[in-house]
Amino acid sequence: MSSLDTVLARLDTRLDGALDHLKALIAIPSISTDPAYAEACRQAAEWLKKDLAEIGFKASVRDTPGHPMVVAHHDGAGPDAPHALFYGHYDVQPVDPLDEWESDPFFPQIVERNGRKVITGRGAADDKGQLMTFVEACRAMIGETGTLPCRVTILFEGEEESGSPSLLPFIEANKDELKADFALVCDTNMWDADTPAISGGLRGLVGEEVIVHAADRDLHSGYYGGAAANPLTVLSRIIGDLHDEAGRVMIPNFYDGVTETPDAIKASWEELERSADGFLKEIGLSEPFGEDGRSIMELTWARPTAEVNGIVGGYTGEGFKTVIPAKAMAKVSFRLVHDQEPEAIRRNFRAFVESRLPEDCRVEFHKHGGSPAVQLPYESGLLTTAKQALTDEWGVEAPIIGMGGSIPIVGTFQTELGMDSLLVGFGLADDRIHSPNEKYEMKSFHKGMRSWARILTALGQKAGRAEGGR
Ligand code: BES
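Since this is a predicted model, take the numbers as computed values, not measurements. (Residues numbered from 1 in each chain as written. Predicted model: local features only at pLDDT ≥ 70, side-chain atom pairs only at ≥ 80, totals over all residues. Heavy atoms only, no water.)

Peer 1: Go over the packing of aromatic side chains with me, naming the residues and quoting the values.
Peer 2: In this structure the tally under the stated criterion is 15 aromatic pairs. Between phenylalanine 349 and phenylalanine 365, the ring centres sit 6.4 Å apart and the planes meet at 70°, which makes this aromatic pair edge-to-face. In this pair, phenylalanine 349 is assigned in helix H11 (residues 342-354) and phenylalanine 365 in strand S15 (residues 362-371), connecting sequence segments 16 residues apart. The exposure classification of phenylalanine 349 matches that of phenylalanine 365, with both residues buried. Counting every residue linked through ring pairs, the aromatic cluster contains Phe86, Phe134, Phe156, Trp394, Phe426 and Trp452. (Phe/Tyr/Trp six-rings, centres within 6.5 Å; stacked < 30°, edge-to-face > 60°. Helix = DSSP H or I, 4+ residues; strand = E, 2+ residues; numbered from the N terminus. Buried < 20%, exposed > 50% of the residue type's maximum accessible area, 1.4 Å probe, protein only.)

Peer 1: Can you lay out the state of the cysteines for me, pointing to particular residues and giving the numbers?
Peer 2: Per the counting criterion, the structure on display carries 0 disulfides. Considering cysteine sulfurs only, cysteine 138 is the nearest to cysteine 186, which forms no disulfide, with 12 Å between them. (Disulfide = S-S within 2.5 Å.)

Peer 1: Outline the sheet that holds strand S12 (residues 305-313), listing residues and values.
Peer 2: Read from one edge to the other, the open sheet built from 4 strands follows the order S12-S14-S10-S15, with strand pairing classed as antiparallel. Each edge of the open sheet carries a strand with a single partner, namely S12 and S15. Across the sheet, the mean angle separating the axes of adjacent strands is 15° when strand polarity is ignored. Pairing of strand S10 (residues 204-213) with S15, which is carried by 8 bridges, proceeds in the antiparallel orientation. Of the residues in S15, the one forming a bridge with leucine 205 is serine 371. Each of S10, S12 and strand S14 (327-336) is contacted by helix H7 (residues 231-240), which is oriented at about 15° to S14, the strand it contacts most. In the packing of H11 onto the sheet, the strands contacted are S10, S14 and S15, and the crossing angle to S15 comes to about 165°. (Pairing = 2+ DSSP bridges. Axes fitted to C-alpha atoms, helices over the stretch in contact; angles between N-to-C directions. Contact = heavy atoms within 4.5 Å.)

Peer 1: Explain the site of the ligand to me, using residue names and the numbers behind them.
Peer 2: Around the ligand, a shell composed of 15 residues is seen, among which Asp126, Asp187, Arg335, Ser406 and His434 lie nearest. Note that an oxygen atom of the ligand is positioned 2.9 Å from one of the side-chain N or O atoms of histidine 89. Contact distances for the ligand include 2.8 Å between an oxygen atom and a side-chain N or O atom of arginine 335. Burial of the ligand by the surrounding chains reaches 88%, relative to a free accessible area of 510 Å². Its residues assigned to classes, the shell around the ligand shows 4 nonpolar, 6 polar and 5 charged. (Near = heavy atom within 4 Å. Polar contact = N/O pair within 3.5 Å; in protein donor to acceptor, adjacent residues only side chain to side chain. Areas by Shrake-Rupley, 256 points an atom, 1.4 Å probe, with all protein chains shown as cover. Nonpolar A, V, L, I, M, F, W, Y, C, P; charged D, E, K, R; others polar.)

Peer 1: Explain the packing of helix H2 (residues 15-26) against helix H3 (residues 38-55) to me, and be specific about the residues and the numbers.
Peer 2: One way to put it is that H2 packs onto H3 with a least axis distance of 10 Å and a crossing angle of 155°. Classed by the angle they form, the pair H2 and H3 counts as roughly antiparallel. Residues His21, Ala24 and Leu25 of H2 form the contact with H3, whose participating residues are Ala44, Trp47, Leu48 and Asp51. Split into classes, the residues belonging to the contact of H2 with H3 amount to 5 nonpolar, 1 polar and 1 charged. (Parallel < 35°, antiparallel > 145°, perpendicular 65-115°, else oblique.)

Printed below as a string of structure tokens:
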């Protein structure tokens, strides 16, 4: 048996132990966006540090102005081996609406869903289950062979789900320590439950909170109604103006930097045959809602969007209250593609809102993160090696696909550390990330660990650093 075979066998026989680790991590409610969970975020970081130290990494928890980072190093096969930086995030999204969860989001359970074994809980897929596929692969490799085939640095962040505000300064301050030959990221999806995938790009993101203020207090809607400006009406009008009838975003210069997808790429996407029908039917919908005349893949991978993520104001409790509220608030996000500039989009959006404000209203904006879209090379040694390793594990070729979500650090790796990333994840479209009843497939977890063992081994077999990465 080769040492890879014994590592794979160890991952099979010790699956229950790996699940126990994952359950312990999911049980920590590390919701980064809510200050009430700051202590839990630190606890998750400490848990990871301890786990990595037990495996044999030199691990540390590093403070930032926000939630801490976990950084860990393993010398692996020595200075000539390729050097990989693995990134994941231990923070999770809020759990509301809590009453829609079938079981406690922080009490993970192994259950059957749609005839498949899954592990439930907030963060099960995004990103705790995914990052633990890599940690478990390292645990098995070190346990079996005493070392790792590559030098490995691990960086776990606790603010990815809230726009990674501390990340750029942290990377800038620790460049030498974090620079590697390439980055590995496990925070994306497979093509389907039997087909792994490599993501070739990610959309960027701009988040904005908008608060429209009118009168200096809440008003009786009969006494003042008809005369006083209603901030909820004003804000909904502005939000309604964001799109035209054909689904295009109406903010001036919004499409600056967006290019049409080349026909050859579109044709390769057509071959993947993701029909609007299948993609939307699964979530109880039937008609694409975005820009007219574009395929589902173009709409989610190669076109920018404007979405309202939340809107509140006035009385929303039990019964009824006749009131004109003093203010109304919305959270709006933009997914960016190609060369769209986050700060230009933010400026233009703010000007768009201000130009629509009636007399007597004022607006307040709060910024929530901004990251540009990322495009990775379609061909590289890293990609070829990973493709082969994934084929060996899954028995089918991994397509290179787009990904509609955002992982802000991937752009920072390119710009600050000059590193490309390999985006291999084992999530599925129906994992319900960011929604109630999040889960991670047992098959994703098990074969995900095995895939990383294969990928790291194959990368380590490349002679010397230069060849290892690209
Ligand atoms: N894992 C996701 C990104 C993702 C989503 C990949 C869907 C594949 C499919 C990531 O953790 C995430 O949710 N990112 C946030 C980033 C944001 C809050 C800055 C996102 O995309 O909303």
